[in-house]
Amino acid sequence: MDRSKQYGTLPQSTTKIVSDIKEMCERYGATFVYLALGKRSDMDALLEFYGAPPRFIGPTFHLVMKDNAAITGPDGMGGEIDRLRQANFAASTLDRCKINVLNDRAALVDALWLRRDAEGTLLARFAVIYLVTLATDGWRITSAVNT
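Structural notes, computed from the coordinates. Just so we're clear, the structure is a prediction, and the values are computed from it rather than from any experiment. (Residues numbered from 1 in each chain as written. Predicted model: local features only at pLDDT ≥ 70, side-chain atom pairs only at ≥ 80, totals over all residues. Heavy atoms only, no water.)

## What to know about the sheet that holds strand β4 (residues 106-117)
Here is the rule we go by: In this analysis, strands are considered paired if DSSP registers two or more bridges between them. Think of it this way: any DSSP run of H or I at least four residues long counts as a helix, any run of E at least two long counts as a strand, and we number them from the N terminus. Lines are fitted to the C-alpha atoms to define the axes, a helix being fitted only along its stretch in contact, and any angle between axes, read from their N-to-C directions, falls within 0 to 180 degrees.
As summarised here, the arrangement of the 6 strands in space is β2-β1-β6-β5-β4-β3, forming an open sheet in which the pairing is mixed. Of all the strands in the sheet, just β2 (61-64) and β3 (89-103) have a single pairing partner and so form its edges. This sheet shows a mean twist of 20 degrees between the axes of neighbouring strands, independent of strand direction. As paired elements, strand β5 (residues 122-135) and strand β6 (residues 138-146) share 8 bridges and run antiparallel to each other. Each bridged residue has a counterpart across the sheet, and for Y130 the counterpart in β6 is A144.

Structure, rendered in structure tokens:
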């Protein structure tokens with residue numbers, strides 16, 4: 001249940017959680033873009049956003065990245081970044097970011113990403129529901145479902 005509907009107004013802790021997760025999503029987007037553009041090469045920067053083992057589920061796949069090496073490797077997010085480097089990728093923007101706080105340690109993020117090439121042409125538009133959880137070192141994506 002959406003806690004804002006349950007309580008009528010957002011409790012202070014929920015407001016902070018939403019703010020923290022929005023900030024994490026903004027940092028994640030910027031880090032991902034810089035890696036895909038080659039402005040950064042430290043794939044380990046992605047580990048600031050994922051909690052191993054994350055699951056990615058799409059209409060034709062179910063991928064479990066069992067550890068940090070799998071997250072940054074060619075079959076994980078590292079491979080996605082390499083594919084974007086070869087596809088004339090230039091930008092990714094977060095068009096929608098709706099956060100539903102489940103409790104003080106978990107939330108669902110309904111995100112819509114727009115990827116564009118160097119001319120500004122839309123390469124991909126995709127929606128993802130992320131399960132983010134609070135780890136000892138901050139909010140982490142633990143599951144992602146392509147919708």
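## Brief notes about the pairing of β6
Of the pairings in the sheet, the one linking strand β1 (residues 50-58) to β6 comprises 4 bridges and is parallel in character. Across the sheet, the residue bridging to I57 is V145, located in β6. Taking the residues between adjacent antiparallel strands as the criterion, β5 and β6 are bridged by 2 residues.

## Things to note about helix α4 (residues 77-86)
Which entries qualify depends on this criterion: Only protein chains enter the accessibility calculation, which uses a 1.4 Å probe; a residue whose area is less than 20% of its type maximum is buried, one above 50% is exposed, and one in between is partly exposed.
Every buried residue of α4 is listed here: M77, G78, G79, I81 and L84. Trailing α4 by a residue or two, N88 shows a phi angle of about 65 degrees, which is positive.

## Overview of the side chain of S143
The line we're drawing: Here a residue-residue contact requires only that any non-hydrogen atoms of the pair lie within 4.5 Å.
The topology assignment puts S143 in strand β6. With residues up to four places along the chain from it excluded, the contact list for S143 reads R55, I129, Y130 and L131.

## Side note on the packing of aromatic side chains
The condition is simple: Classification of ring pairs uses Phe, Tyr and Trp, with its six-membered ring standing for Trp, and accepts pairs whose centres are within 6.5 Å; under 30 degrees between planes counts as stacked, over 60 as edge-to-face, and the remaining range as tilted.
For the coordinates displayed, the defined rule picks out 5 aromatic pairs. The interplanar angle of 65 degrees and the centroid separation of 5.4 Å between the aromatic rings of Y28 and F49 together place this pair among those described as edge-to-face. Within this pair, whereas Y28 is found in helix α2 (residues 12-37), its partner F49 is found in the loop between α2 and β1, the two being separated by 21 residues in sequence. By way of ring pairs, the aromatic residues Y28, F32, F49, Y50, F56 and W113 are connected into one cluster.

## What to know about the nonpolar core
Our working definition: The set of buried Ala, Val, Leu, Ile, Met, Phe, Trp, Tyr and Cys residues whose side-chain atoms join them within 4.5 Å is what this entry labels a nonpolar core.
Counting 34 residues, the largest nonpolar core has I21, Y28, Y50, Y130 and V132 as the members making the most contacts within it. Of all the elements in the fold, those that place two or more residues in this core are α2, β1, α4, β3, β4, β5 and β6. Per element, the largest residue contribution to this core is 10 residues, and it comes from α2.

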